[in-house]
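# Structural features, examined
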Amino acid sequence: MSFNLPPLPYATDALAPHISAETLEFHHGKHHNGYISTLNNLIEGTDLADKSLAEIVKTSSGGIFNNAAQAFNHDFYWQSLSPEGGGSPVGAISQAIVSSFGSFAEFQAKFNDCALNNFASSWTWLVKHADGSLNVINTANAATPITEEGVTPLLVLDLWEHAYYLDYRNVRGDYLQAFWALVNWQFANENLAQ
Ligand code: MN
């Protein structure tokens, strides 16, 4: 068994002008696809070949972990964005944000601060802990919160430069504005309910 590149949940031009079709074509078709094909090569003929992606992420290290985790993180990232997204949170996630951060504005400020100060190739996540509280965390390289017991990812922002360099060069703050225009609160609510 091998993994296939999951299709984007929208057309490559659907997130423009915030994220361009050129960025999505490269990011999905080259970067995400590259992690999947490298992973397939690494696990071929091993006892990992019949495991789920999440199982591989939770039990592997080195190159297999890096490529499996990047495959998982990218699938989660595409779903964290939507052409119908952006604006203020709706539903249960709205109340959970107020409970944990005080207000949506305070949550946004914390998320922006974490993302702007997340060094090098990295990810910024909104996560839920086992007690129901929310937090914003940073991970580096391929690291992902699903390796931690009791931590459930709700949303993620890809901060590798390949995610925004074509559209915003090195200006991460402008890319953050794009994220807030696209953030998929419905996906966050689905994850919150788990
Ligand atoms: Mn990426």
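Provided above is the structure to which this section pertains.
A brief structural summary. No experiment lies behind these values; they were computed from the predicted model shown.

The subject of this paragraph is the environment of Phe107. Tracing the backbone shows Phe107 in helix 5 (residues 104–116). The spatial distance from the C-alpha of Phe107 to the C-alpha of Val136 is 8.4 Å, given a sequence separation of 29 residues. Other than its neighbours up to four places away in sequence, Phe107 contacts Ile97, Phe101, Leu126, Val136, Trp180 and Trp185.

To continue, consider the coordination of the manganese ion. Looking at the manganese ion, the protein donor atoms are His27 (NE2), His74 (NE2), Asp158 (OD) and His162 (NE2), and they sit 1.9 to 2.1 Å from it. One chain supplies every donor for the manganese ion, spaced along it as H-x46-H-x83-D-x3-H. With His27 in helix 1 (residues 21–43) and His162 in the loop between strand 3 (151–158) and helix 6 (165–168), this pair connects stretches of sequence that are 135 residues apart. For His27, a relative accessible area of 1% gives the class buried.

Within strand 1 (residues 122–129), 7 of the 8 residues are buried, which leaves the element mostly enclosed by the surrounding structure. One ladder, built from 7 bridges, connects strand 1 with strand 2 (residues 134–140); its direction is antiparallel. Counterpart to Trp123 in the pairing with strand 2 is Thr139. Linking two consecutive strands that pair antiparallel, namely strand 1 and strand 2, is a turn of 4 residues; a positive phi of about 95° is found at Gly132 within it.

Analysis parameters
Residues numbered from 1 in each chain as written. Predicted model: local features only at pLDDT ≥ 70, side-chain atom pairs only at ≥ 80, totals over all residues. Heavy atoms only, no water. Helix = DSSP H or I, 4+ residues; strand = E, 2+ residues; numbered from the N terminus. Contact = heavy atoms within 4.5 Å. Donors = N, O, S within 2.8 Å, 3.2 Å for Na, K, Ca; no water. Buried < 20%, exposed > 50% of the residue type's maximum accessible area, 1.4 Å probe, protein only. Pairing = 2+ DSSP bridges.

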